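# Reading the structure
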Amino acid sequence: MKKMIKELFGRVDTNILNHQCDPYVQSRINHIIRSVKRLGRDKGKRFAETTYPTVWLIHALVINNQPDTVIETGTCTGYTTNAIADALEYNGHGRVYTFELNEVWMKIAQETARVFDLSPYIKFITGDIHKTFSKTLEKIDNIDFVYHDIDPKEDYLWEQKLMENKIPSGGMVIAHDTYPNDLRYEKGIIDFLDYMEEKYFHINLPYERGLLLAIKK
Ligand SMILES: C[S@@+](CC[C@H](N)C(=O)[O-])C[C@H]1O[C@@H](n2cnc3c(N)ncnc32)[C@H](O)[C@@H]1O
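Notes on the structure in this doc start here. Keep in mind that what you see is a predicted model, and the values were worked out from it rather than measured. (Residues numbered from 1 in each chain as written. Predicted model: local features only at pLDDT ≥ 70, side-chain atom pairs only at ≥ 80, totals over all residues.)

## Re the packing of helix α7 (residues 129–138) against helix α8 (residues 155–163)
The geometry of α7 relative to α8 is characterised by a closest axis approach of 11 Å and an angle of 20° between their N-to-C directions. With respect to α8, the element α7 is oriented roughly parallel. Considering only the axes of α7 and α8, their crossing is right-handed. Contacts from F133, S134 and L137 of α7 reach α8 at E159, L162 and M163. Its residues assigned to classes, the contact of α7 with α8 comprises 4 nonpolar, 1 polar and 1 charged. (Axes fitted to C-alpha atoms, helices over the stretch in contact; angles between N-to-C directions. Helix = DSSP H or I, 4+ residues; strand = E, 2+ residues; numbered from the N terminus. Parallel < 35°, antiparallel > 145°, perpendicular 65-115°, else oblique. Left-handed = near helix turned anticlockwise from the far one by under 90°. Contact = placed C-beta atoms within 7 Å. Nonpolar A, V, L, I, M, F, W, Y, C, P; charged D, E, K, R; others polar.)

## Things to note about the pairing of strand β5 (residues 172–176)
Of all 5 residues in β5, 5 are buried, a share of seventy percent or more. Alternating positions in β5 separate into two faces, M172, I174 and H176 on one and V173 and A175 on the other, with burial throughout. Note that strand β4 (residues 145–148) and β5 share 4 bridges and pair parallel. The residue bridging V146 from the neighbouring strand is V173, located in β5. Where the polypeptide runs from β4 across α8 and back to β5, its parallel neighbour, the crossover connection is right-handed. For β5 and strand β7 (residues 211–216), the ladder comprises 5 bridges, and the chain directions are antiparallel. (Buried ≥ 20, exposed ≤ 12 C-beta atoms within 10 Å, placed from the backbone. Pairing = 2+ DSSP bridges. Right-handed = clockwise from strand over helix to strand, strands pointing away.)

## Let's talk about the environment of I143
Following the sequence through the fold, I143 ends up in the loop between α7 and β4. Expressed as a C-alpha distance, the spacing of I143 and M172, which sit 29 residues apart in the sequence, is 8.9 Å. Residues within four places of I143 in sequence aside, it is in contact with T69, I71, M163, K166, I167 and G171.

## Let's talk about the nonpolar core
One recurring pattern in soluble globular proteins: nonpolar side chains tend to sit buried together. Core analysis: the largest hydrophobic core is formed by 54 residues, its most contacted members being I58, V62, I84 and I174. Here this core gets 7 residues from one element, more than from any other, and that element is helix α4 (residues 52–65). Those residues in contact with V62 that lie beyond four places of it in its chain are P67, V70, I84, A87, L88 and F145. (Core = buried A, V, L, I, M, F, W, Y, C linked by C-beta atoms within 7 Å.)

## Points about unusual backbone geometry
The linkage connecting D151 with the following residue, P152, adopts the cis geometry, with an omega of -5°. Examined against the element boundaries, P152 turns out to sit in the loop between β4 and α8. Positive phi values are uncommon outside glycine, yet Q66 reaches one of about 50°. For Q66, the location among the structural elements is in the loop between α4 and β1 (69–73). According to the C-beta neighbour criterion, Q66 is partly exposed, with 17 such atoms within 10 Å. Of note, C76 is a non-glycine position whose phi angle comes to about 50°, a positive value.

## Section: the sheet that holds β4
The mixed open sheet is built from 7 strands, whose spatial order is β3-β2-β1-β4-β5-β7-β6. Here the strands that pair on one side only, and so sit at the sheet edges, are β3 (122–126) and β6 (200–205). Ignoring which end each strand starts from, the neighbouring axes of this sheet average 15° apart. Alignment of β1 against β4, held across 4 bridges, turns out to be parallel. Residue pairing across strands places T73 opposite H148, the latter belonging to β4. Together, β2 (95–100) and β3 form the strand contacts of helix α6 (residues 103–115), whose direction differs from that of β3 by roughly 170°. Relative to β4, α8 is tilted by about 165°, and along the sheet it contacts β1, β4 and β5.

Function cannot be read off these values alone, since they describe shape.
The following block contains the structure:
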C-alpha cells in the first residue's frame, strides 16, 4: 500500500490536494459538469452520472500522470471525458479516445467539448465497443492512462486484456463501480480485481460506488 501511495502521489511535483483547492480547476470542472447537465436536461436525460469528487480526482490524476494517450470506455454525456480533456489541455499534450454506444449522449459530450474548446484533445468513437475497440487499438502503440466505465462491468476484464500489452510499467488504470453495493459486487468485478491484483499496485477506494486506482508494476 505504501509503495502504491508513493507511486501514485510521489512521481510528479503536482500536489493533488493543491489541485483540489485551485480555484481555476474548480471553476473549470464546475462549468463542464453544469454544461453537460444542462445539455442532458434539454435532451431529456435527467439522472446524474459520475459525481464531482470523482471527476475532480480523475482530472488531478491526469495532471499528475502526464499521459499522452488516454482510453475511456463509456463516455455517456461526457463528464469525465471533458474533465480528462481539460487536464490534457492543462498539460499541453495528449488525447483521450472515448467510446459510447448512444449517439444522443455522445452528441452532448461533443457539444460540451466544442463549447470548452476541448475537441482537439478528444477522439469520439460512437458505436458498440465490441465492434470499435480492437480496430481503434490497432492504431495505438502505447496507452498511459485508462478509465474503465462501460456498462456492463463484465466488459472491464475484456477491455483490460485487449489493452494490456500496450500499457507500460507506470501506466495508470482507473475503474469505476468496483466496490460492493449493498454487499454485492457488480457482475464481473471480482474477476477484474483478481486479474489487476497480479499486475498492478492498486487501491480500491470506497468512494462513490468504488474507484479502483491502479499503477502497472
Ligand atoms: C456508467 S456510463 C459512463 C459514465 C461516464 N463515464 C460519465 O462520467 O458520465 C456507461 C456508458 O456505457 C455505454 N455503453 C453501454 N454499452 C456499450 C457498448 N456496447 N458500447 C459502447 N458504449 C456502451 C452506456 O451507453 C453508458 O453511457
